[in-house]
Amino acid sequence: MTQRIAVLAGDGIGKEVMPEGLRALEAAARRFGLDLAFEAFDFASCDYYLEHGRMLPDDWHPTLAAFDALYYGAIGWPDKVPDHVSLWGSLLRFRREFDQYVNLRPCRLLPGIESPLAGRAPGDIDFYVVRENTEGEYSSVGGTMFEGTEREVVIQETVMTRTGVDRVLKYAFDLAQSRPRKKLTSATKSNGIAITMPWWDTRVAAMGERYPEVEVDRFHIDILAAHFVLHPDWFDVVVASNLFGDILSDLGPACTGTIGVAPSANINPEGRFPSLFEPVHGSAPDIAGRGIANPIGQIWSGAMMLEHLGHPAAGAAILAAIEAVLAEGDAGVLTPDLKGRGTTEALGRAIAERIASQT
Ligand code: ATP
Ligand code: MG
């Protein structure tokens, strides 16, 4: 059966790395006999906004809901459209209205990439951050009283629901269960946030009873951040609330080198709505238009998409090709952020060729 993928390249280097993501996916589809159909859309971009006065057309929801997955580049062109308009008008609506309640980021040190953590080699850092993506600290419940006066009071509530927390915990435990180490770390702060976080701990413990094979530990968010830097080898699957996960899912990839290689997924695990796969990096206006952006974050996001669509071998082949090309370290192929002098296209082609020629 054909699997349909909506392609939303967005802005800036999104438009440059997307063709390389598609090149890798097409190579994997040929090699593994996958039936993928891609359809590109120009909305969810600042160009579309400048022409139409909005980020999305009226019928975006039924249009995109008909796809099996969304493959997304990067959004934002802050000189022309404020970030809160472009981001809130597109990506954040997808996350919310397609109920993509899991944000998944692999943190894996790849060969040939220098970690900012001294002495770390591939194999030392290989874990996932699972972030709750729809509620918690980002619930936008609250308000201001006596605004603009000396008596000003500002309140913003954290809203956690049993349904909302249990479903992301279940995803994280399932992921841990599927991995060789079977280890899950929970980010908490029950010594300081005295209502929601002790309750979060009880939900983790309750879910853990259903997964006797999974080893569970927990750390307060402050020391956990320190351990990411000092002991990244301790972690396998890390699960966190929206705010803590937001911080950890930037810190984790930062420990693995250039932002240009990090992928991410926004997942609706039940498949009621399509999930969205995108590189961690933004539209990078500072290097856009020069053909030197690193396409690996986009390509690796495509590998995650194939895994999600039920093709783990094809996803693994893409990641293996990325690792092989990085390990070779040909400066004529690697992009400048990897200390090479190659182009987006040269690196993308090298990876696609490797996918096609692997045995
Ligand atoms: P956003 O707000 O959309 O996340 P940003 O401006 O905060 O965007 P990025 O666009 O990710 O952040 O860029 C941060 C820095 O990393 C920039 O200097 C950019 O040039 C660099 N960068 C980002 N992505 C890549 C890439 N794929 N290849 C090389 N350099 C990149
Ligand atoms: Mg920005």
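None of these values were measured; they are calculated from a predicted model. (Residues numbered from 1 in each chain as written. Chains lettered and ligands numbered in written order. Predicted model: local features only at pLDDT ≥ 70, side-chain atom pairs only at ≥ 80, totals over all residues.)

Student: Account for helix H11 (residues 312-328), naming residues and giving values.
Tutor: With 17 residues, H11 should cover 24 Å at 1.5 Å per step; its first-to-last C-alpha distance of 24 Å lies within 8% of that length. The complete set of buried residues in H11 reads Ala 314, Gly 315, Ala 317, Ile 318, Leu 319, Ala 321, Ile 322, Val 325 and Leu 326. Those residues of H11 that are buried are in contact with helix H1 (14-32), helix H10 (296-308) and helix H12 (344-357). Looking one or two residues beyond H11, the residue adopting positive phi is Gly 329, at roughly 65°. (Helix = DSSP H or I, 4+ residues; strand = E, 2+ residues; numbered from the N terminus. Expected span 1.5 Å × (residues − 1). Buried ≥ 20, exposed ≤ 12 C-beta atoms within 10 Å, placed from the backbone. Contact = placed C-beta atoms within 7 Å.)

Student: Which residues make up unusual backbone geometry, and what are the values?
Tutor: In the Ramachandran plot, Asp 99 falls in the positive-phi region, its phi being about 45° despite a non-glycine side chain. Tracing the chain through its elements places Asp 99 in the loop between helix H5 (91-97) and strand E4 (102-108). Overall, the presence of 18 C-beta atoms within 10 Å leaves Asp 99 in the partly exposed class. For Ser 140, which is not a glycine, the phi torsion comes out positive at approximately 55°.

Student: Tell me about the site of ligand 1, and please be specific about residues and values.
Tutor: The immediate surroundings of ligand 1 are formed by 15 residues, with Gly 260, His 281, Gly 282, Ala 284 and Asn 294 found nearest. Tallied by class, the residues present in the shell around ligand 1 amount to six nonpolar, seven polar and two charged. (Near = placed C-beta within 6 Å. Nonpolar A, V, L, I, M, F, W, Y, C, P; charged D, E, K, R; others polar.)

Student: Talk me through the sheet that holds E4; I want residue IDs and the actual numbers.
Tutor: The mixed open sheet is built from 10 strands, whose spatial order is E2-E1-E3-E12-E11-E4-E5-E10-E8-E9. Of all the strands in the sheet, the pair left with one neighbour each is strand E2 (36-41) and strand E9 (215-220). Within the sheet, the average angular offset between the axes of one strand and its neighbour, ignoring direction, is 20°. Across five bridges, strand E1 (residues 3-10) lies against strand E3 (residues 69-74) in parallel orientation. Across the sheet, Ala 6 pairs through a bridge with Leu 70, a residue of E3. (Pairing = 2+ DSSP bridges. Axes fitted to C-alpha atoms, helices over the stretch in contact; angles between N-to-C directions.)

Student: Explain the packing of helix H8 (residues 221-230) against helix H9 (residues 242-254) to me, and be specific about the residues and the numbers.
Tutor: Helix packing for two helices is described by the angle between their axes and how far apart those axes are. The contact between H8 and H9 brings their axes to 10 Å, and the two run at 10°. As far as their axial angle goes, H9 and H8 are roughly parallel. Each of Ile 221, Ala 225 and Phe 228 in H8 lies in contact with H9, whose residues at this interface are Phe 244, Leu 248, Leu 251 and Gly 252. Tallied by class, the residues present in the contact of H8 with H9 amount to six nonpolar, one polar and no charged. (Parallel < 35°, antiparallel > 145°, perpendicular 65-115°, else oblique.)

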